[in-house]
Amino acid sequence: MNPLTNNATELILLLFLIITFLQSGVDKILDWKGNLGWLKEHFSKSPLKNSVPLLLVIVLITEMIAALLCIGGIYQLLAENKTGLAFYGALFSCISLLMLLFGQRMAKDYEGAKTIAIYFIPAMFLLFLLQ
């Protein structure tokens, strides 16, 4: 059995999550000041306004863990035909997206919250496939 063809859906979804979270995390690292400034303004009228720097660190860490677990999940699927790392990558991806959704809802950015839901669907589907 070929692990590439047997796990094509899982591999494509893992790549989707890697692109999503690795790019997001790298962007936060490379433009920390810009991201922090934008988020402080975005949350200025929300109960989260005084916690933005801490919350940004938490989201960054969670996104990078998700991306790294998804990378490990691809390797593990292809090399060992096991799904443990991929499952935890999908789980951390869902947790990251739920944190982002919570933030968008707290900022009353309902359009932004809808966008998060679009990302949540494939992450949740992958989690379902790997259970």
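Look up: the structure comes first, before these words.
Residues numbered from 1 in each chain as written. Predicted model: local features only at pLDDT ≥ 70, side-chain atom pairs only at ≥ 80, totals over all residues. Heavy atoms only, no water.

### Overview of the overall build of the protein chain
Consideration 1: Looking only at helices and strands, one finds six helices and zero strands in the protein chain.
Consideration 2: Walking the protein chain from its N terminus toward its C terminus, one meets helices and strands in the order α-α-α-α-α-α.
Consideration 3: Each principal axis of the C-alpha atoms in the protein chain carries an extent, and together these give about 55 × 25 × 15 Å.
Consideration 4: Counting only residues that meet the buried cut, the protein chain has 40% of its 131 residues in that class.
Consideration 5: Look at the contacts in the protein chain between residues 6 or more apart in sequence, and 68% of them connect residues 24 or more apart.
Consideration 6: For the protein chain, the exposed area adds up to about 7,800 Å²; of that, 69% sits on carbon and sulfur atoms. (Helix = DSSP H or I, 4+ residues; strand = E, 2+ residues; numbered from the N terminus. Buried < 20%, exposed > 50% of the residue type's maximum accessible area, 1.4 Å probe, protein only. Contact = heavy atoms within 4.5 Å. Areas by Shrake-Rupley, 256 points an atom, 1.4 Å probe, with all protein chains shown as cover.)

### Concerning the packing of helix α2 (residues 8–30) against helix α6 (residues 110–130)
Consideration 1: Interaxial distance between α2 and α6 falls to 10 Å at its minimum, and their mutual angle equals 140 degrees. Compared by their axis directions, α2 and α6 come out oblique. The crossing of α2 and α6 is left-handed. Contacts between α2 and α6 involve T9, E10, L13, L14, F16, L17 and T20 from the first element and Y119, P122, A123, F125, L126, L129 and L130 from the second. (Axes fitted to C-alpha atoms, helices over the stretch in contact; angles between N-to-C directions. Parallel < 35°, antiparallel > 145°, perpendicular 65-115°, else oblique. Left-handed = near helix turned anticlockwise from the far one by under 90°.)

### Topic: the packing of aromatic side chains
Consideration 1: Following the criterion strictly, the structure yields two aromatic pairs and no others.
Consideration 2: Summarising the aromatic geometry, the rings of F87 and Y88 are spaced 5.2 Å apart at their centres and angled 85 degrees between planes, so their arrangement reads as edge-to-face.
Consideration 3: For F87, a relative accessible area of 22% gives the class partly exposed.
Consideration 4: Take Y88: its relative accessible area is 45%, and that puts it in the partly exposed class. (Phe/Tyr/Trp six-rings, centres within 6.5 Å; stacked < 30°, edge-to-face > 60°.)

### Thoughts on unusual backbone geometry
Consideration 1: Look at N81: it is not a glycine, yet its phi comes out positive at around 55 degrees.
Consideration 2: Mapped onto the secondary structure, N81 falls in the loop between α4 (52–80) and α5 (84–106).
Consideration 3: Here the phi dihedral of K108 falls at roughly 60 degrees; this positive angle occurs in a residue that is not glycine.
Consideration 4: Tracing the backbone through its elements, the reader meets K108 in the loop between α5 and α6.

### So, the pattern of salt bridges
Consideration 1: Under the criterion given, the structure shown has two salt bridges.
Consideration 2: Put simply, E63 and K28 hold a salt bridge, and the shortest N to O gap is 3.0 Å. In this pair, E63 sits in helix α4 while K28 sits in helix α2, placing the two residues 35 residues apart along the sequence.
Consideration 3: Here E63 falls in the buried class, since its relative accessible area comes to 1%.
Consideration 4: We classify K28 as buried; its relative accessible area is 9%.
Consideration 5: Between K114 and E111 there is a salt bridge, with the nearest N and O atoms lying 3.0 Å from each other. Of the two residues, K114 and E111 are both situated in helix α6; the distance of three residues between them amounts to about one turn of the helix. (Salt bridge = Lys/Arg side-chain N within 4 Å of Asp/Glu carboxyl O.)

### Some remarks on α6
Consideration 1: With 21 residues, α6 should cover 30 Å at 1.5 Å per step; its first-to-last C-alpha distance of 30 Å lies within 8% of that length.
Consideration 2: Its maximal kink placed at F120, α6 deviates by approximately 25 degrees, while the proline P122 follows within four residues.
Consideration 3: Listing the buried residues of α6 in full gives G112, A113, I116, P122, A123, L126, L127 and L130.
Consideration 4: Check the buried side of α6 and you find it contacts α2 and α5. (Expected span 1.5 Å × (residues − 1). Bend = angle between axes of the 7 residues up to and from the residue.)

No statement about biological role is implied by the geometric values presented.
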